[in-house]
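Remarks on the overall topology
Spelled out from the first residue to the last, the chains are:
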Amino acid sequence: MTLSGAIQAYVDQKRAHGVLFDKAVKDLRSFLRKVGDVPLDTIRPAQILDFLNGPRTCSNTWGKKFSLLKFFFEHWAARGLLDGSPMPPRIRPPAAQTFVPYVYTRNEVQLLLRATSSWQSSSWQNKKMCRMDPQTFRIFLLTLYATGMRTGEALNLLRKDVDFKRGVIRIRGGRFRLPRNIPIGPDLQARLRRHEHALANGPGERLYFFVGKDGKALNENALRVAFRKLRYLARVQRYDAAVYQPRMEDLRATFAVHRLASWLRQKSDTNRLIPALSAYMGLCGLGSTERYLKLMPERFRTQLVMLSPQHPRRKRWRDDRALMKFLADL
């Protein structure tokens, strides 16, 4: 069996058992392009390492690709098509994480939102690629910034998930498939209500809260391309040595940092509020929130020292009954 046939059979079996496997399919096809459509039993460890050690491959991505290929080859070895797995030893040392999310300034967020009004009329906008009106684009980005939602969570939001009576958004199918309810402020409620009213008067059933002009859910890849062009139109870019320019996903990090900075300026009880922020954003454990603390401006360094677990004045947030009830209700 050739590598292409083995990949197709492997993917078909996974999907027959209900596994989406979309990202894994891309990685397997990338491996196929690297190695070529050779017989499965001729693949050697050196070829696998050559693929894994490609340029700009971070430690996390390397580990995921290694595990994917390991299970792939073990699958065929167990079925007698291979004498054994050709996987090399897992010898790559862990590399330091170098990617740093971009934190937009409030002025840059405003520039992006304003640019949506002229985004579709610009000469380089491919209307066939992303059939989305400027108002939808604007409220989608505003929702990401105002709630810290993941992009996929916002795209999967249904109209029934937005409860205007309670001022709550129900987020389904987030990370690890754990749903949560997040409260939203009156300003965002008002803008979302106007958007929902426009949906009700539009053609079609429109089940999703954010849809294109055809009433169907927005395409994530087309949305990312549209955002890159919007960022260019708004002239928002990184000037440091970073490889990656500001992304749509960075609105989530921006939400967290701006929220933390606001609490510190107001001298709020951050020891109590940080666990709430972690639960609000659907993070697993307080350790996930610490990376946002590292993105805080240097002028808040003194206040951040107060958040250290070793600080004698720090209170235990688990002893706060009101906070624990709030977290349980999310």
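Look up a bit, the structure's there.
First things first, this report covers the structure right here in the doc.

Conventions used here
- Residues numbered from 1 in each chain as written.
- Predicted model: local features only at pLDDT ≥ 70, side-chain atom pairs only at ≥ 80, totals over all residues.
- Heavy atoms only, no water.
- Patch = residues over 30% accessible without salt bridge, like charges linked within 9 Å, V, L, I, M, F, W, Y side chains within 5 Å.
- Areas by Shrake-Rupley, 256 points an atom, 1.4 Å probe, with all protein chains shown as cover.
- Salt bridge = Lys/Arg side-chain N within 4 Å of Asp/Glu carboxyl O.
- Lys, Arg positive; Asp, Glu negative; His and termini not counted.
- Charge placed at Lys NZ, Arg CZ, Asp CG, Glu CD.
- Helix = DSSP H or I, 4+ residues; strand = E, 2+ residues; numbered from the N terminus.
- Axes fitted to C-alpha atoms, helices over the stretch in contact; angles between N-to-C directions.
- Parallel < 35°, antiparallel > 145°, perpendicular 65-115°, else oblique.
- Contact = heavy atoms within 4.5 Å.
- Nonpolar A, V, L, I, M, F, W, Y, C, P; charged D, E, K, R; others polar.
- Core = buried A, V, L, I, M, F, W, Y, C linked by side-chain atoms within 4.5 Å.
- Buried < 20%, exposed > 50% of the residue type's maximum accessible area, 1.4 Å probe, protein only.
- Phe/Tyr/Trp six-rings, centres within 6.5 Å; stacked < 30°, edge-to-face > 60°.

1. Side note on a positive patch on the surface
Judged by side-chain charge, Arg114, Arg138, Arg191 and Arg194 come together as a positively charged surface patch. Note on placement: arginine 191 falls in helix H8 (residues 186–200).

2. Concerning the packing of helix H1 (residues 3–16) against helix H2 (residues 22–35)
Where H1 meets H2, the closest approach of the two axes is 10 Å, and the angle between their N-to-C directions is 175 degrees. Considering the angle they form, H1 stands roughly antiparallel to H2. On the side of H1, the interface is formed by Leu3, Ser4, Ile7, Tyr10, Val11 and Arg15, while H2 contributes Asp22, Val25, Leu28, Phe31, Leu32 and Val35. Grouping the amino acids of the contact of H1 with H2 by side-chain chemistry returns nine nonpolar, one polar and two charged.

3. Section: the nonpolar core
Across soluble globular proteins, you tend to see nonpolar side chains buried next to one another. Counting residues in each nonpolar core, the largest one holds 50 residues, and the members touching the most others are Phe137, Phe140, Leu141 and Ile169. Those elements that place two or more of their residues in this core are helix H5 (106–119), helix H6 (134–147), helix H7 (151–155), strand S2 (168–171), H8, helix H9 (220–234), helix H10 (250–265) and helix H11 (270–280). Ignoring any residue separated from it by four or fewer positions in sequence, one finds isoleucine 169 in contact with Met149, Leu157, Asp161, Val162, Arg180, Asn181, Ile182, Ile184 and Leu192. Grouped together as the second largest cluster of nonpolar side chains are 25 residues, Ile7, Val11, Ala24 and Ile48 included.

4. A few points about the pattern of salt bridges
Between side chains of opposite charge, a pair can form when the charged atoms approach closely. Tallied over the entire structure, the rule returns 12 salt bridges. Aspartate 22 is paired through a salt bridge with arginine 15; the nearest N and O atoms lie 3.2 Å apart. Under the relative-accessibility criterion, aspartate 22 is labelled partly exposed at 45%. Overall, arginine 15 belongs to the partly exposed group, its relative accessible area being 41%. Among the ionic pairs, lysine 34 bridges to aspartate 50, the shortest N-O distance being 3.5 Å. Taken together, the residues lysine 34 in helix H2 and aspartate 50 in helix H3 (residues 45–52) connect sequence positions 16 residues apart. Residue classification places aspartate 50 among the partly exposed residues on the basis of a relative accessible area of 44%. One connected set of salt bridges, linked through shared partners, spans Arg150, Glu153 and Arg180.

5. Re the packing of aromatic side chains
Applying the stated criterion across every chain yields a total of 10 aromatic pairs. A centroid spacing of 6.0 Å and a plane angle of 25 degrees characterise the contact between phenylalanine 255 and tyrosine 280, whose relative ring orientation is stacked. One end of the pair, phenylalanine 255, is in helix H10; the other, tyrosine 280, is in helix H11, with 25 residues separating them in the sequence. The pair phenylalanine 255 / tyrosine 280 is uniform in exposure class, with both members buried. Of the aromatic side chains, those joined through ring pairs into one cluster are Tyr10, Phe21, Phe31, Phe51, Phe72 and Phe73.

Remember, this is a structural readout, not a statement about activity or role.
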